[in-house]
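If you want the building blocks of each chain, they are given just below.
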There are 2 protein chains.
Amino acid sequence: MTMTNAFYAQSGGVTSVINASACGVIQTAREHPDRIGTVFAGRNGILGALAEDLIDTSHESAEAIAALRSTPAGAFGSCRYKLGSLEKNRHQYERLIEVFRAHGIGYFFYNGGGDSADTCHKVSQLSDVLGYPLQAIHVPKTIDNDLPLTDCCPGFGSVAKYVAVSTLEASLDVRSMCATSTRVFVLEVMGRHAGWIAAAGALAASHGIPVVVLFPEVPFDQPAFLARVDALVKQHGYCTVVVSEGAHHPDGTFLAEQGTRDAFGHAQLGGAAPVVAQMIKEGLGHKYHWAVADYLQRSARHIASATDVRQAYELGQRAVEMALAGHNAEMPTIERISDSPYAYRIGSAPLDQVANHEKMMPRDFISEDGWGITEACRRYLLPLIEGEDYPAYRHGLPVYATLRNVAVDRKLPAFDLG
Amino acid sequence: MTMTNAFYAQSGGVTSVINASACGVIQTAREHPDRIGTVFAGRNGILGALAEDLIDTSHESAEAIAALRSTPAGAFGSCRYKLGSLEKNRHQYERLIEVFRAHGIGYFFYNGGGDSADTCHKVSQLSDVLGYPLQAIHVPKTIDNDLPLTDCCPGFGSVAKYVAVSTLEASLDVRSMCATSTRVFVLEVMGRHAGWIAAAGALAASHGIPVVVLFPEVPFDQPAFLARVDALVKQHGYCTVVVSEGAHHPDGTFLAEQGTRDAFGHAQLGGAAPVVAQMIKEGLGHKYHWAVADYLQRSARHIASATDVRQAYELGQRAVEMALAGHNAEMPTIERISDSPYAYRIGSAPLDQVANHEKMMPRDFISEDGWGITEACRRYLLPLIEGEDYPAYRHGLPVYATLRNVAVDRKLPAFDLG
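Residues numbered from 1 in each chain as written. Chains lettered and ligands numbered in written order. Predicted model: local features only at pLDDT ≥ 70, side-chain atom pairs only at ≥ 80, totals over all residues. Heavy atoms only, no water.

## Here's the deal with the relation of the copies chain A and chain B
Each copy of the chain is related to the other by a rotation around an axis and a translation along that axis. Quick reminder of the rule: When the copies are superposed, the least-squares fit draws on C-alpha atoms of residues that have pLDDT of at least 70 in both.
Relative to chain B, chain A is turned by 180 degrees and slid 0.0 Å along the rotation axis, the superposed coordinates differing by an RMSD of 0.0 Å. Expressed as an axis order, the relation between the two copies is that of a two-fold axis. No C-alpha of chain A approaches the rotation axis more nearly than that of V292 of chain A, which lies at 2.5 Å.

And the structure:
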């Protein structure tokens, strides 16, 4: 059997565990030196392949690769760049083949979300269309948890844990102070299309916290919302609102796009949280505080879910095993066997069924009144935030790996991306 | 020696470790059953004393009290309420004496910041002025780190750790994506008067992160700031801005008060971070993201500094020991012996020298150019964020104590606070 090199790249918004998948891919590849030669990583995702800007991961020590498991963000750089269709952008795909051929690459591992699955699917077709032998396996990753055919997506469990823990902690703060000070705390979380992340905030409710969640799935009803907050403050003395960045009015306008202007007439930068806080102040007169977690939530490796880290690693590992077993155009998936005790196995899905399908939150995960989650949702979420997987610390800060990222000598002429 | 009861209350903004001080006070008091009878806690701080709304902590199990050490926020409730001067508000002080006398209270432990030290000092004078025997000891607490005569204040180290870790993590995220996406990340942190908390963000610089800090101590110079950000983005591809909520223009206007109005003409809620982000977009055209940590930073017990937790506990413990040794009108303090290896001892300071003095950040802690911290500041900060002190977890969430908080029967008529 001929020795074949592999290509690995990270795509789209990074997560606190995408490097754990990279770790799974590279460590597993290194266990098969008879089958896989060098793992080349794309610098800044697929752009690295197009630009022939490859990183030779064989220069990284075993310790450095192992450290990826507990390092957030994208160790090789990621990008937001979607390849066009094979028909209209054939030159891009031909370029990929040139680069792969020049560097003896026969395995393509692409680590990303829905758009990336689409790219990976297109690349998987290259062997047929352009006659170049290549096996393309997609490694799922997205905090949005919206890939189909997998029970969950690596990256999501850790964000969910961050949001659940932060909601609980900040709520205890407000509970302490509500007799004379802040009564309502508003936390804005990510999730433009689906409320998966916001739902995690509702897990604090099982610790007695009065939480109102504003989901993108439920058109915002301001009078009903204010009445709900008012009732909770009357009952508990305080409440916490977890608002998804995708929460929107019935006409589709995001809460964050309230049409606000600064003193110079410029459109004011959003933030659904300050808008909601302002409504509460004007409608109910309560003292409030608000926070916008933004990147903090998706990079918070310090509070990653052990389940999530393990699955991210295992899916990277399985991707390599699938390639070695001769598969192409597939994605390893999480198949849940039971909620409690939590059990899952790793399955696989064909990429043509993954690409361009978004998995929304089931309606029966949102409570009847629209302000919280159901028991079914709680059962789904709890195993995903289970367990702590702390990084090592030195001098008070986590020890995160920064790789050497040694560039491979170019063999081809430059390529014009445009 | 007569058996004497004790009063303990939490005051002002809570922290992730103020309950560790409560734990130190109550556990130490319980070790002296021959000297201290019941520890009564004020429900919602000093308001509990004025309203005779006392909590009998003897109903809490040893396990519940031990769990306070790892529980954020104020277990008995806190308040923002400043007692007036002894001259003008004598009736309030007389009421305190009535309540203390009715419940056999001879020890007064007040856990708070600068304003609370002032209250505690006034209460300490009651024995002389009103002829009631009372020993008042202040237990320091403030994330603002601005109490004088102590090297640091419990609560600060944990916020500093949260900010340093979060800055590092979010910066790695931006570094991964900067080739095609976000180039500047702006994190807003607390600290209206002093830049102690913002300074902690600069600790990420020792991990190679290009960080610009906007301190309240340094009047904002927009052109210089944009030039600095631009230079860092050119050099590193990205940069992170840590802006203190107290950052202000030379005329004293906070950055957060940019005079923005919403569509209805209402003053727009602040947030220095979105204002800074907008400047960067307009001035440099870079894609940005921003976060406002708000309460998340001061309640984040999950990432508390072990040094901070230990000191919070020890200062509560020492407060009781000081009272038993006959002291009054004092506050236990942290006296640093050396930076590295870090060593400190617990000293004490007279309250008349603590109350109404704010300790600002030394000018030589801010770098010459005003955008970062000096080596002296780094040496000061590092021991304070050292060590992790994780809470226990169950089902993916921290196990935080909620006390029974059993009310003591009232013996006195109601009191009109006004």
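## With respect to the environment of H357 of chain B
Residues and elements named next belong to chain B. We count it as follows: Helical segments are the DSSP runs of H or I of at least four residues, strand segments are the runs of E of at least two, and each set is numbered from the N terminus. Remark: exposure states derive from per-residue accessible area (1.4 Å probe, protein chains only) relative to the maximum for the residue type, with buried under 20%, exposed over 50%, and partly exposed in between. Any N or O atom pair separated by 3.5 Å or less is treated as a polar contact, with the protein-specific requirement of one donor-capable and one acceptor-capable atom, and with residues adjacent in sequence counted only for side-chain atom pairs.
Mapped onto the fold, H357 is located in the loop between α13 (351-354) and α14 (375-381). H357 sits in the partly exposed class, given a relative accessible area of 43%. Separated by 350 residues in sequence, H357 and F7 have C-alpha atoms that sit 25 Å apart. Within the structure, the side chain of H357 is placed 3.3 Å from the backbone oxygen of Q353, a separation counted as a polar contact. At 2.9 Å, the side chain of H357 and the backbone oxygen of A355 are in polar contact.

## Some remarks on the state of the cysteines
Using the following cut-off: Cysteine sulfur atoms are paired as a disulfide whenever they fall within 2.5 Å.
For the structure shown, the criterion picks out zero disulfides over all chains. There is no disulfide at C178 of chain B, and the cysteine sulfur nearest it, in C239 of chain B, is 10 Å away.

## Re the pattern of salt bridges
Here is the rule: A pair is scored as a salt bridge if a Lys or Arg side-chain nitrogen falls within 4 Å of a carboxyl oxygen belonging to Asp or Glu.
One pass over the full model with this rule turns up 30 salt bridges over all chains. The partner of E388 of chain A in a salt bridge is K161 of chain A, with the nearest N and O atoms 2.7 Å apart. With E388 of chain A in the loop between α14 (375-381) and β12 (393-394) and K161 of chain A in helix α7 (residues 156-177), this residue pair connects regions lying 227 residues apart in the sequence. K161 of chain A gets classed as buried once you look at its relative accessible area, which sits at 0%. A salt bridge links R379 of chain B to D339 of chain B, with the nearest nitrogen and oxygen atoms 3.5 Å apart. Of this pair, R379 of chain B sits in helix α14 while D339 of chain B sits in the loop between β10 (330-338) and β11 (343-350), and the two are 40 residues apart along the sequence. Since its relative accessible area comes to 29%, D339 of chain B is described here as partly exposed. Linked by salt bridges that have partners in common, D151, R336, D339 and R379 of chain A make up one network.

## Concerning α7 of chain A
For the record, the criterion: The length a helix should cover is 1.5 Å for every residue beyond the first.
Its 22 residues give α7 of chain A an end-to-end C-alpha distance of 32 Å, which sits within 8% of 32 Å, the value for a rise of 1.5 Å per residue. Within α7 of chain A, 21 of the 22 residues are buried, which leaves the element mostly enclosed by the surrounding structure.

## So, the pairing of strand β11 (residues 343-350) of chain A
Quick note on the threshold: Paired strands, as defined in this entry, are two strands with at least two bridges between them according to DSSP.
Across eight bridges, strand β10 (residues 330-338) of chain A lies against β11 of chain A in antiparallel orientation. Each residue of the ladder has a partner; that of P332 of chain A, found in β11 of chain A, is S348 of chain A.

## A word on the UniProt feature "site: Important for catalytic activity" (unreviewed entry) in chain A
Residue and element names in this part refer to chain A. The line we're drawing: UniProt positions are given in the numbering used here, feature names are shortened, and annotations may be inferred rather than shown by experiment. What makes two residues a contact is simply this: any of their non-hydrogen atoms within 4.5 Å.
As recorded in UniProt, the sites labelled "site: Important for catalytic activity" (unreviewed entry) are K141. By the secondary structure assignment, K141 is in the loop between β5 (135-140) and α7. Those residues in contact with K141 that lie beyond four places of it in its chain are S11, G12, G13, T15, I18, N111, G112, G113, L147 and P154.

## Digging into the domain arrangement of chain A
All names here are of chain A. Selection criterion: Residue ranges assigned to each domain were obtained from an automatic or database domain assignment. By the convention adopted, Pro, Cys, Tyr, Trp, Phe, Met, Ile, Leu, Val and Ala count as nonpolar, Lys, Arg, Asp and Glu as charged, and the other residues, Gly among them, as polar.
Domain boundaries assigned for chain A yield domain 1 (4-141 + 301-356 + 389-398) and domain 2 (156-299). Of note, the centres of domain 1 and domain 2, computed from C-alpha atoms alone, are 35 Å apart. Facing the 12 residues of domain 1 at the interface are eight residues of domain 2. Taken together, domain 1 and domain 2 are joined by five residue pairs in polar contact (both at pLDDT 80 or more). When grouped by side-chain class, the residues that make up the side of domain 1 that touches domain 2 number five nonpolar, four polar and three charged.

## Describing unusual backbone geometry
Backbone phi values are negative for most residues with the exception of glycine, while trans is the configuration of most peptide bonds. Across the junction of S340 of chain A and P341 of chain A, the peptide omega takes the value 0 degrees, indicating a cis bond. Inspection of the secondary structure assignment puts P341 of chain A in the loop between β10 and β11. Positive phi, close to 70 degrees, is recorded for L149 of chain A, a residue that is not glycine. You can see L149 of chain A is positioned in the loop between β5 and α7. We note that N405 of chain B has phi near 50 degrees; this positive angle belongs to a residue other than glycine.

## Comments concerning the environment of V17 of chain B
Residues and elements named next belong to chain B. Locating V17 in the fold gives a position in the loop between β1 (4-10) and α1 (18-30). The buried category is assigned to V17, whose relative accessible area is 1%. With 281 residues separating them along the chain, V17 and R298 place their C-alpha atoms 9.1 Å apart. Setting aside residues no more than four positions away along its own chain, V17 makes contact with P154, G155, S158, D308, V309 and A312.

## Remarks on the interface of chain A and chain B
This is how it is decided: By buried area we mean how much accessible surface two parts lose on assembly, using a 1.4 Å probe and totalling the loss over both.
Contacts between chain A and chain B engage 79 residues on the former and 79 residues on the latter. Together, the buried faces of chain A and chain B total about 6400 Å²; carbon and sulfur atoms form 60% of this surface. For the pair chain A and chain B, the number of links is two salt bridges. Its salt-bridge partner being R298 of chain A, residue D173 of chain B comes within 2.7 Å of it at the nearest N-O pair. Summed over the shared surface of chain A and chain B, the number is 26 residue pairs in polar contact (both at pLDDT 80 or more). Looking at the side of chain A that touches chain B element by element, the count peaks at 14 residues for α7 of chain A. Looking at side-chain class alone, the side of chain A that touches chain B contains 39 nonpolar, 27 polar and 13 charged residues.

## Topic: the nonpolar core
Side chains of a nonpolar character, in soluble globular proteins, are inclined to be buried together. Operational definition: By nonpolar core we mean a set of buried residues, namely Ala, Val, Leu, Ile, Met, Phe, Trp, Tyr and Cys, connected to one another through side-chain atoms within 4.5 Å.
Judged by nonpolar contacts, the single largest core of 174 residues is most densely connected at F76, F109 and Y162 of chain A together with F76, F109 and Y162 of chain B. Counting 54 residues, the second-largest nonpolar core is a separate cluster that includes L226 and Y288 of chain A together with V233 and L255 of chain B.

## Thoughts on the packing of helix α1 (residues 18-30) of chain A against helix α12 (residues 306-324) of chain A
Residue and element names in this part refer to chain A. Threshold: Lines fitted to the C-alpha atoms define the axes, with helices restricted to the stretch that makes contact. Angles between their N-to-C directions range from 0 to 180 degrees. Put simply, a crossing is left-handed when the front helix is turned counterclockwise from the back one by less than a right angle, and right-handed when it is turned clockwise.
As a packed pair, α1 and α12 sit with axes 7 Å apart at the nearest point and diverge in direction by 35 degrees. Handedness of the crossing formed by α1 with α12: right-handed. Note on element contacts: α12 touches α1 through V309, A312, Y313, G316, Q317, V320 and E321, opposite A20, S21, C23, G24, V25, Q27, T28 and A29. Grouping the constituent residues of the contact of α1 with α12 by class yields eight nonpolar, six polar and one charged.

## Topic: helix α4 (residues 90-102) of chain A
The first and last C-alpha atoms of α4 of chain A sit 18 Å apart over 13 residues, in line with the 18 Å expected at 1.5 Å per residue. Among the residues making up α4 of chain A, those that are buried are Q92, Y93, R95, L96, I97, V99 and F100 of chain A.

## Let's talk about the pairing of strand β7 (residues 211-214) of chain B
Residue and element names in this part refer to chain B. The criterion, for reference: Note on handedness: a clockwise path from strand one over the helix to strand two, with the strands aimed away from the viewer, defines a right-handed crossover.
Going residue by residue along β7, you find V211 and V213 tucked away on one face and V212 and L214 tucked away on the opposite face as well. With four bridges connecting them, β7 and strand β8 (residues 239-244) associate as parallel partners. Considered in β8, the bridge of L214 is made with V243. Chirality of the crossover, the property in question, places the unit of β7, helix α9 (residues 222-236) and β8 among those that are right-handed.

## With respect to the packing of helix α9 (residues 222-236) of chain A against helix α10 (residues 272-284) of chain A
Residue and element names in this part refer to chain A. Cut-off, in case you're wondering: Put simply, angles under 35 degrees are roughly parallel, angles over 145 are roughly antiparallel, angles from 65 to 115 are roughly perpendicular, and the rest are oblique.
For the pair α9 and α10, interaxial distance at closest approach is 11 Å and the crossing angle is 75 degrees. Here α9 is positioned roughly perpendicular relative to α10, judged by the angle of their axes. When α9 is examined against α10, the residues Q222, F225, L226, V229 and D230 are found in contact with a partner set consisting of V276, M279, I280, G283 and L284. Of the residues assigned to the contact of α9 with α10, the class counts are seven nonpolar, two polar and one charged.

## Concerning the packing of aromatic side chains
Here is the rule: Each pair of aromatic rings taken from Phe, Tyr and Trp, with Trp reduced to its six-membered ring, is defined by centres within 6.5 Å and is described as stacked if the planes are under 30 degrees apart, edge-to-face if over 60, and tilted in the remaining cases. Whether a charge sits over a ring comes down to the Lys NZ or Arg CZ being within 6 Å of the ring centre and within 35 degrees of the ring normal.
Inspection of the entire model under this criterion finds 30 aromatic pairs over all chains. Ring geometry for W290 of chain A versus W290 of chain B: centroids 6.4 Å apart, planes at 70 degrees, classification edge-to-face. Residue W290 of chain A is found in strand β9 (residues 288-292), and its partner W290 of chain B is found in strand β9 (residues 288-292); the two belong to separate chains. A centroid spacing of 6.0 Å and a plane angle of 90 degrees characterise the contact between W196 of chain B and F365 of chain B, whose relative ring orientation is edge-to-face. With a gap of 169 residues between them, W196 of chain B in helix α8 (residues 196-201) and F365 of chain B in the loop between α13 and α14 connect regions that are remote in the sequence. Residue W196 of chain B shares its accessibility class with F365 of chain B, and that shared class is buried. Following the ring pairs from residue to residue traces out a cluster consisting of F7, F100, F108 and Y110 of chain A. The residue whose ring lies beneath R69 of chain A is Y313 of chain A, and the NZ or CZ to ring-centre distance is 4.9 Å.

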